[in-house]
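Per-entry structural report
Here are the chains, one letter per residue:
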Amino acid sequence: MKVLVTGGAGYVGSCICQALIKSGHVPIILDSLLAGRSYFVSDKNFYKADIGDLGVLAKIFDEHPDIEVLIHYAERAMVGNSVKNPYDYYISNVTKSIELCNFITEAGCKKMIYCSTGAIYEDVAGYMVSESSPIKPRSPFSRSKYITEMVLEDFCTAYDLRCITLRYFNPIGASPDMSAGPEESNSGNIVSRILESVHKGSDFVINGNDWSTRDGTCIRDYLHVWDLAMAYVKAIENFDRAFRVSESSGYLPINIGSGKGATVKEVITAFENVSGDKVKVKIGGRRPGDTCGAYASINLARDCIEWRPELSMEEAILDSIRWEDKRRGR
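Reference entry: report on the structure contained in this document. (Residues numbered from 1 in each chain as written. Predicted model: local features only at pLDDT ≥ 70, side-chain atom pairs only at ≥ 80, totals over all residues. Heavy atoms only, no water.)

Below, the discussion takes up the pattern of salt bridges. Tallied over the full model, the rule gives 20 salt bridges. Between aspartate 303 and arginine 302 there is a salt bridge whose closest N-O contact spans 3.0 Å. Between arginine 322 and aspartate 319 there is a salt bridge, with the nearest N and O atoms lying 2.7 Å from each other. Highlighted residues: arginine 322 and aspartate 319, both in helix 11 (residues 313-328), separated by 3 residues, approximately one helical turn. Owing to a relative accessible area of 10%, aspartate 319 belongs among the buried residues under this scheme. Because the salt bridges share partners, they merge into one network encompassing Glu122, Asp123, Lys136 and Arg138. (Salt bridge = Lys/Arg side-chain N within 4 Å of Asp/Glu carboxyl O. Helix = DSSP H or I, 4+ residues; strand = E, 2+ residues; numbered from the N terminus. Buried < 20%, exposed > 50% of the residue type's maximum accessible area, 1.4 Å probe, protein only.)

Now for the packing of aromatic side chains. Within this structure, the stated rule accounts for 8 aromatic pairs. Ring centres 5.8 Å apart and planes at 55° place the aromatic pair phenylalanine 61 and phenylalanine 103 in the tilted group. Of this pair, phenylalanine 61 sits in helix 2 (residues 54-63) while phenylalanine 103 is found in helix 4 (residues 86-107), placing the two residues 42 residues apart along the sequence. Of the two residues examined, phenylalanine 61 and phenylalanine 103, each falls in the buried class. Look at tyrosine 121 and phenylalanine 169: their rings are 6.5 Å apart centre to centre, the planes differ by 20°, and that puts the pair in the stacked class. (Phe/Tyr/Trp six-rings, centres within 6.5 Å; stacked < 30°, edge-to-face > 60°.)

Okay, the packing of helix 4 against helix 5 (residues 140-158) next. The relative placement of two packed helices is expressed as an angle between their axes plus a distance between the axes. Put simply, helix 4 and helix 5 touch, their axes get as near as 9 Å, and they point 20° apart. Comparing their axes, helix 5 and helix 4 come out roughly parallel. Crossing geometry of helix 4 relative to helix 5 is assigned as right-handed. Every residue of helix 5 that contacts helix 4 at Pro86, Tyr89, Tyr90, Asn93, Val94, Ser97, Ile98, Cys101 and Asn102 is listed here: Pro140, Phe141, Arg143, Ser144, Lys145, Ile147, Thr148, Val151, Leu152 and Phe155. Of the residues that constitute the contact of helix 4 with helix 5, the class distribution is 12 nonpolar, 5 polar and 2 charged. (Axes fitted to C-alpha atoms, helices over the stretch in contact; angles between N-to-C directions. Parallel < 35°, antiparallel > 145°, perpendicular 65-115°, else oblique. Left-handed = near helix turned anticlockwise from the far one by under 90°. Contact = heavy atoms within 4.5 Å. Nonpolar A, V, L, I, M, F, W, Y, C, P; charged D, E, K, R; others polar.)

A word on the environment of glutamate 310. Note on placement: glutamate 310 falls in the loop between helix 10 (299-305) and helix 11. Judged by relative accessible area, which is 70%, glutamate 310 ranks as exposed. Once the C-alpha coordinates of glutamate 310 and serine 258 are considered, the two residues, 52 residues apart in sequence, prove to be 8.8 Å apart. Ignoring sequence-local partners within four residues, the contact set of glutamate 310 consists of Asp227 and Glu315.

Quick look at the sheet that holds strand 4 (residues 67-72) now. With parallel pairing, the 7 strands of this open sheet are ordered in space as 3-2-1-4-5-7-12. Unpaired on one side and paired on the other, strand 3 (45-48) and strand 12 (251-256) mark the two borders of the sheet. Across the sheet, the mean angle from the axis of one strand to that of its neighbour is 20°, orientation sign disregarded. The pairing of strand 1 (residues 2-6) with strand 4 spans 5 bridges and is parallel. When the sheet's bridge partners are listed, threonine 6 is paired in strand 4 with histidine 72. Along the sheet, helix 4 contacts strand 1, strand 4 and strand 5 (111-117); its crossing angle with strand 4, the most-contacted strand, is approximately 175°. (Pairing = 2+ DSSP bridges.)

Pasting the structure below:
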């Protein structure tokens, strides 16, 4: 199957493309390289352009009229930065996504997988959220994702489009074959930040230790990036099945996570156990846009797209260390 992947030159996007290739599919990649890296796509079908460039989109569909599915992963995704620069996030994540989706419907591509986020959920007792849990996005980033979700639901009602939205949680790690992984600038990745602090001998800052969790630090659902990449493969391969099982008419949100919650302190302990390194910790203040956190109920993903995570947080940490060693040339 031929699949258009926006944002396919980034950390997660490149892993998605690798998973597609290993599963026998052909990714056609569109990326501006604003955050992506050219070396992730040097040997692939790649178009350097913004997702709002309708001329390049027309060229892609002229040259690849057999594209069956759009995986829309291109996004601005830093919570703190979104608070400082909300305009960029609403333009990139909402306005340009609307134009992209309008274009593909007119081009005849009727299947879409959208990348959303678990950050749209309200904090709930016990921290586990399902697709029917209350919604309360609290940063421009998470609001931009949920606004786009609402637009897509309207598109699916009005036009001949079906969309599976994957609300993913916190990817960590690297592709097991070490072909793709996070860059140093990816400060939103907790393991990358820990590795950077260990490498520099500096403090790792925990943003608040007064949250209402078991140890006072934020709780998140940390998912191996390869498991996340395979969720996209499963979504396109089980696309029709997902709508039959869910009895959804055209728009279907699905959580993608490990199904387990881990606090920041627990991630640090796991890192120390895997690496043998001691992490120097400093307690800092809460960041704007931060939430206490949540982890995913993943029953719908299992039932609808036959996906479940296979790799542990410890394996993700080990792959992060291997990737960092490769990246630094050690």
